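One letter stands for each residue in the lines below.
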Amino acid sequence: MRSGIRIRVTGVGVALLAVAAGAPVAGAASADTTARPGMIDIADLPPDSLPWEGGARDEPGWYSDGPCSSGFGIGGIPEESVWDAGFSTSETASATEHAIVLPTEDEAVALAESIRQYFAGCADRWRQGSSIYTVTGYDYGSLDVEEGATVGGVHLTRNPSWQGYRNFLYGVGRDGSTVTYVEWESNWTQPDVPAFKETVRAAVNKLY
């Protein structure tokens, strides 16, 4: 189940709310927002010392949040347009993917940007929410795949540092009117950023 409570993010724009209310978007062809796009599987995940388990869910809906997407909400997008995949090892790491199918490409562009901005604020939210960590955010750049993808991450060192650390990676990409975002988390190992970039690349390439 999802952690926390979703809130509406107004930056998604009026177009999304108009679609939710049943209003047509002028000059835009509507996509089938209920068909599941392709999603990543275990073979696409970064390597780990323990085996991965999990996969894409059979039914649409918001099932899980990652450490940097928690609290992000998308007002007006029906649950049947959202697809979720969840993965974990027995101890070392977890990962999620969400794929969101929008009626038009313009709405997908706006949504992808809203998600990127929310992820970019992940480090600050952790700094404000907990004094026990030293928090560092990272921008790992963009990927040339379909309509593009971006990758970033957050490193948390517990104070004092011998008490441990946490690492988060996230990526956002788009293919046409579909947006996907992927998150990875571990408190056992340093992030394999090149491998995660390939995970994000696979997520975007597999949409269609």
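Residues numbered from 1 in each chain as written. Predicted model: local features only at pLDDT ≥ 70, side-chain atom pairs only at ≥ 80, totals over all residues. Heavy atoms only, no water.

Caption draft 1: Up close: the overall build of the protein. Along the backbone of the protein there are four helices and seven strands. Written out in order from the N terminus, the α and β elements of the protein read α-β-β-β-α-α-β-β-β-β-α. Relative to all contacts within the protein whose residues are 6 or more apart in sequence, the contacts with residues 24 or more apart total 66%. Accessible surface, the protein as shown: approximately 9,800 Å² in total, 52% of it carbon and sulfur. (Helix = DSSP H or I, 4+ residues; strand = E, 2+ residues; numbered from the N terminus. Contact = heavy atoms within 4.5 Å. Areas by Shrake-Rupley, 256 points an atom, 1.4 Å probe, with all protein chains shown as cover.)

Caption draft 2: Structural context of the sheet that holds strand β1 (residues 53–56). Strand order in this open sheet of seven strands is β1-β2-β3-β7-β6-β5-β4, and the pairing throughout is antiparallel. Edge positions in the sheet fall to β1 and β4 (133–143), since each of these pairs with one other strand and no more. Shown here is a sheet whose adjacent strand axes are inclined to one another by a mean of 10 degrees, direction ignored. Where strand β5 (residues 149–158) lies against strand β6 (residues 165–175), nine bridges are found, and the strand directions are antiparallel. The residue bridging Ala 149 from the neighbouring strand is Gly 173, located in β6. Against the sheet, helix α2 (residues 105–120) engages β3 (93–101), β5, β6 and β7 (178–186), with an angle of about 165 degrees to β6. Across the sheet, helix α4 (residues 193–205) lies against β3, β4, β5, β6 and β7, angled at about 30 degrees from β6, the strand it touches most. (Pairing = 2+ DSSP bridges. Axes fitted to C-alpha atoms, helices over the stretch in contact; angles between N-to-C directions.)

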